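# Summary of structural features
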Amino acid sequence: MKALIIVDMQNDFCLGGALAVKHGDTIVEGINKIATRFKVVVTTQDWHPRNHGSFASNHSGAEPFDAVTLSGRDQVLWPDHCVQNTHGADFHPDLKVEAQNFVKGSRPEADSYSGFFDDDGNGTGLHEYLTTRHVEEVYVCGLATDYCVKFTALDALKLGYTTIVLEDLCKGVDIEPADTRKALEELRTAGVIIKQSSTIEI
Ligand code: VGL
Ligand code: ZN
C-alpha cells in the first residue's frame, strides 16, 4: 500500500504567515490533485504551545534563526509560528484533502521536524497508523523541504518505507540560499527517491 504524507501545509508557512516559505502556497492545488489518487493520505501539523522552546521570543536576547541548545540538542530558533488553536496553525484554506492528521512539536521542551518522532524520540502515532494500513511506500510533499519534509523523509527511510519526495510539491525555507538544493542532495544520498509529481504512477 502507498501513502501520501502532506507535511505542514499550514497558514504560517504560506504567504503572509509568521514563517512564510517562499511560494509555499503555490503547491496546494497540486497536492489536492495528487491526493485523490492515494487510498491512504495523512497530514502532519506543527502544533506548538506559546511557550515552545523553538521560539526566539522564549529565549531572552535571542533573535529568530539564531542557533542554541534546547534540552541538550542543537536548535534553530524561529519566529513564533503554528501556535495551537490559532489561524497560523490552521491548514491552508485551499487544502482540500481527506486525511488522518498527526500533530508534532506540542510539548515546550522538544521540537519536531519529523512527522514521525519529536526530537526527544516521542512518536506521533504516524508509524503505527501507516503500519495498520499496511503501507510500505510513502510519498512526501509539503513544507518545508529543508526542514520538516527532509526529516520526515529520513525517518520514513529509517523505519523501512520506500520513500519518495515529490520535489515539485515541496518548497524550502532557504535560510541560506542553497539549503533546499542541499537537502534534496542529502535525501538522495540517504536513499530517498526524488521525483516530479507528473511522473508518478499511482
Ligand atoms: C518547520 C521550522 C520550524 C517546517 C517547522 O514545517 O519545516 N520549520 N517548524
Ligand atoms: Zn515549528
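About the criteria used
Residues numbered from 1 in each chain as written. Chains lettered and ligands numbered in written order. Predicted model: local features only at pLDDT ≥ 70, side-chain atom pairs only at ≥ 80, totals over all residues. Heavy atoms only, no water. Near = heavy atom within 4 Å. Polar contact = N/O pair within 3.5 Å; in protein donor to acceptor, adjacent residues only side chain to side chain. Areas by Shrake-Rupley, 256 points an atom, 1.4 Å probe, with all protein chains shown as cover. Donors = N, O, S within 2.8 Å, 3.2 Å for Na, K, Ca; no water. Tetrahedral: all angles 85-135°; square planar, octahedral: opposite > 155°, others 65-115°. Helix = DSSP H or I, 4+ residues; strand = E, 2+ residues; numbered from the N terminus. Pairing = 2+ DSSP bridges.

### Let's talk about the site of ligand 1
- Surveying the vicinity of ligand 1 reveals the residues D8, F13, L19, D46, W78, H81, Y113, L143, A144, Y147 and C148.
- The side chain of D46 places a nitrogen or oxygen atom 3.0 Å from a nitrogen atom of ligand 1.
- Within the contact set of ligand 1, an oxygen atom lies 3.4 Å away from a backbone nitrogen or oxygen of L143.
- Relative to its unbound accessible surface of 260 Å², ligand 1 loses 99% to contact with the protein.

### Regarding the coordination of the zinc ion (ligand 2)
- Every protein donor of the zinc ion (ligand 2) is accounted for by D46 (OD), H48 (NE2) and H81 (NE2), and the metal-donor separations fall at 2.0 to 2.2 Å.
- For the zinc ion (ligand 2), the four donor atoms in the first shell make angles of 88 to 170° at the metal, so the coordination geometry reads as irregular.
- In terms of primary sequence, the donors binding the zinc ion (ligand 2) are separated according to D-x1-H-x32-H. Of the two residues, D46 is situated in strand 2 (residues 40-46) and H81 in the loop between strand 4 (73-76) and strand 5 (100-104); the sequence distance between them amounts to 35 residues.

### Some words on the pairing of strand 3 (residues 67-70)
- As paired elements, strand 3 and strand 4 share four bridges and run antiparallel to each other. Across the sheet, A67 pairs through a bridge with V76, a residue of strand 4.
- Hairpin connection from strand 3 to strand 4: two residues lie between these consecutive antiparallel strands, with S71 at a positive phi of about 50°.

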